[in-house]
Amino acid sequence: MAPAGGLARGLWAPLAVLALLARAALALTERYPALSLLQQERHRQRHGPAGEWAEQYSAECDSSFLHFHESDCDIGGSSSCESMLSLNTEKILSQAKLLAEQKRFPFATDNDNTNEELAIAYVLIGNGLYDEAIRHFSTMLQEEPELVSAIYGRGIAYGKKGLHDMKNAELALFELSRVISLEPDHPEVFEQRAEILSPLGRISEALSDLTKAIQLQPSARLYRHRGTLYFISEDYATAHEDFQRSLELNKNQPIAMLYKGLTFFHRGLLKEAIESFKEALKQKADFIDAYKSLGQAYRELGNFDAATESFQKALLLNQNHVQTLQLKGMMLYHHGSLDEALKNFKRCLQLEPYNEVCQYMKGLSHVAMGQFYEGIKAQTKVMLNDPLPGQKASPEYLKVKYLRAMGLATLEVMQAVQRTWANSKVRMNGKTRLMQWRDMFDIAVKWRRIADPDQPVLWLDQMPARSLSRGFNNHINLIRGQVINMRYLEYFEKILHFIKDRILVYHGANNPKGLLEVREALEKVHKVEDLLPIMKQFNSKTRDGFTVNTKVPSLKDQGKEYDGFTITITGDKVGNILFSVETQTTEERTQLYHAEIDALYKDLTAKGKILILSAELGLVDFEAMTAPGSEAFSKIARSWMNLKRILDFISPEVWSNF
């Protein structure tokens, strides 16, 4: 994350101090109040450097201060140890004196003595002695409660102690807010407060602070910092604008260029993303993340060779780069190069044994190669990483858990249907009767409940009448802002054509004279997102959005149509859209659809019995399979015929064994 100002650069990239200094500081704290010792030394001598934190600090200071050598002395009581600690203290004071003389810390005063006291605390921060720095600042604030530099420094020290402790975070925010109330025109304070707010998940507040900092004094760093937060918030268009502004102020920023490319990538603008990734690599030839992202973009474009080359270049720079191994393995898996994919996943797991994505993909690779035992073993390892109470389960853990349950559900449904087709009746819940379509769903639901007992699954028509009469809505977001629901992406084109047809029907009925113009405009629309401007252009009633209702033709009663779902497209002033589908479920609608399923199931059962008879006689009676009825049955029946050879080897029943 981009830091603020000269001081901030040092605070968010602290100077390296070896273990001996830390141990010495702890021992010193136990034996003497460190602050009083520093004050005694300060009166004895007044000299030493401390730089503008990161770059200047380490370059201008005596390097021996930063790199202590191990000593055999016992901190507990040796006079030689005391002299060594005294020398360390002298060096801290030396650095503080130079820092004070050059006033290279925030909110320096006109009083030299005060500046030297402040500089000591800032040097303590730079060396990781946060508690000592806080005590030093607190002592000064007792004498001068509104000493801005001490308030600011104490806030920074609390933040550096660690935001995992909410007490530190709250104290840091409190101190920085005090500084802003006293000195409201300093952008670095707003940026520092944003640095603390963002890890706490308070992104909107952090964005507000960064916007204020930019208003006070725009800079490439501030725009990059704010763009990063917009990116995290999935507002990729606004993030892109900030990264672009940052690059206009400072072109040589490979990280900003990379993120600019990622804003293109996440909006599906792959060619633009590729150009940005290439530009980042021109600025930084050994930029592993840029090579990795370039490979991912080429993979999405279907350019396997270019993607492989980019991933390989990333691994040449660092053969142990786990993310690249993971992405390369997934690309090889989907390309059908299973042996190579497996090598990448195994290497990934050598480096990160608990990487669930690689473990999950390793299992899929084994299964795809027909190595079912190894596949199940790999998938089981994902299951062994059972989340702790209160801990969110990983996507891979949930995938394995649900896939295993649904796989067993599929087998049990298949076995039950096979028995029904062969014997007409089936034993369900201790009773022998004809199997109905709801019995098949009950089998699947049973396994669904086993996989996730916290999620209830209920039959709508068996719920209390009061609940059923109110109805239910099932809402699915397909596009929200700039986030696309990839699961339903393959349906977007069908929905687009359907909406175009409905728009033409609407205008044909209500505005026949303008129909040709509407048709020509719709021919230029290739994305669902572009439909809203068309509707606003040709329909004055369309303001923030419009809806389209679908109908479903009945297979039971030819000529009848039932209500389908409602398609909604809305937009805001900045161009974000909401593209969603919603199903309004009522008691009447449920009964109508149940009647449709009843008719389909009877047809399926009749054809299934013919299919079983044909299979038992050694015939492939495709006439029976393709007899008058839905084409879907033909496809399903063919796939079941392909499974027939395996069925002979499945002797144990799923439910009796699990």
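All of the points below concern the structure found in this document. Since we're looking at a predicted model, the values are computed, not measured.

Conventions used here
- Residues numbered from 1 in each chain as written.
- Predicted model: local features only at pLDDT ≥ 70, side-chain atom pairs only at ≥ 80, totals over all residues.
- Heavy atoms only, no water.
- Helix = DSSP H or I, 4+ residues; strand = E, 2+ residues; numbered from the N terminus.
- Buried < 20%, exposed > 50% of the residue type's maximum accessible area, 1.4 Å probe, protein only.
- Expected span 1.5 Å × (residues − 1).
- Arc of directions from axis to C-beta.
- Contact = heavy atoms within 4.5 Å.
- Axes fitted to C-alpha atoms, helices over the stretch in contact; angles between N-to-C directions.
- Parallel < 35°, antiparallel > 145°, perpendicular 65-115°, else oblique.
- Nonpolar A, V, L, I, M, F, W, Y, C, P; charged D, E, K, R; others polar.
- Left-handed = near helix turned anticlockwise from the far one by under 90°.
- Salt bridge = Lys/Arg side-chain N within 4 Å of Asp/Glu carboxyl O.
- Core = buried A, V, L, I, M, F, W, Y, C linked by side-chain atoms within 4.5 Å.

1. Things to note about the overall build of the protein
When its secondary structure is counted, the protein shows 32 helices and 7 strands. Within the protein, the proportion of its 658 residues that are buried is 45%.

2. Quick look at helix α14 (residues 236-249)
Here α14 is 14 residues long and its end C-alpha atoms lie 20 Å apart, about the 20 Å a rise of 1.5 Å per residue gives. Residues Y236, A239, H240, D242, F243, S246 and L247 constitute the buried set of α14. Around the axis of α14, the buried residues are gathered within 165° of arc, so they sit on the same side. Every exposed residue of α14 that faces more than 90 degrees away from the buried side is listed here: E248 and L249. Where α14 is buried, its residues touch α13 (220-232) and α15 (254-265).

3. Quick notes on the packing of α15 against helix α16 (residues 270-283)
At a minimum axis separation of 7 Å, α15 and α16 run at an interaxial angle of 170°. Relative to α16, the element α15 is oriented roughly antiparallel. For the pair formed by α15 and α16, the contact residues are P254, M257, L258, K260, G261, L262, F264 and F265 on the first element and L270, E272, A273, S276, F277, E279, A280 and Q283 on the second. Residues that form the contact of α15 with α16 fall into these classes: 10 nonpolar, 3 polar and 3 charged.

4. A look at the packing of helix α12 (residues 203-216) against α13
For the pair α12 and α13, the least separation of the axes is 10 Å and the interaxial angle reads 160°. Relative to α13, the element α12 is oriented roughly antiparallel. Viewed along their axes, α12 and α13 form a crossing whose handedness is left-handed. Here I203, A206, L207, L210, T211, A213 and I214 of α12 come into contact with α13, specifically with L222, Y223, H225, R226, L229 and Y230. Classifying every residue of the contact of α12 with α13 gives 10 nonpolar, 2 polar and 1 charged.

5. Focus: the pattern of salt bridges
If you walk through the whole model with that rule in mind, you get 21 salt bridges. In this structure, the salt-bridge partner of D131 is K161, at a minimum N-O distance of 2.9 Å. One end of the pair, D131, is in helix α8 (residues 130-143); the other, K161, is in helix α9 (residues 148-161), with 30 residues separating them in the sequence. By relative accessible area, K161 is classed as partly exposed at 34%. The partner of R480 in a salt bridge is E234, with the nearest N and O atoms 3.8 Å apart. With R480 in strand β3 (residues 472-481) and E234 in the loop between α13 and α14, this pair connects stretches of sequence that are 246 residues apart. Residue classification places E234 among the partly exposed residues on the basis of a relative accessible area of 34%.

6. Thoughts on the nonpolar core
Grouped together as the largest cluster of nonpolar side chains are 99 residues, with contacts concentrated most on L118, Y122, F137 and Y152. Ranked by residue count, the leading element in this core is helix α7 (residues 112-126), at 8 residues. Once residues lying within four places of it in the same chain are set aside, the contact partners of F137 are L118, A121, Y122, I125, S149, A150, G153 and R154. Residues I479, L522, V525 and V581 belong to the second largest nonpolar core, which totals 26 residues.

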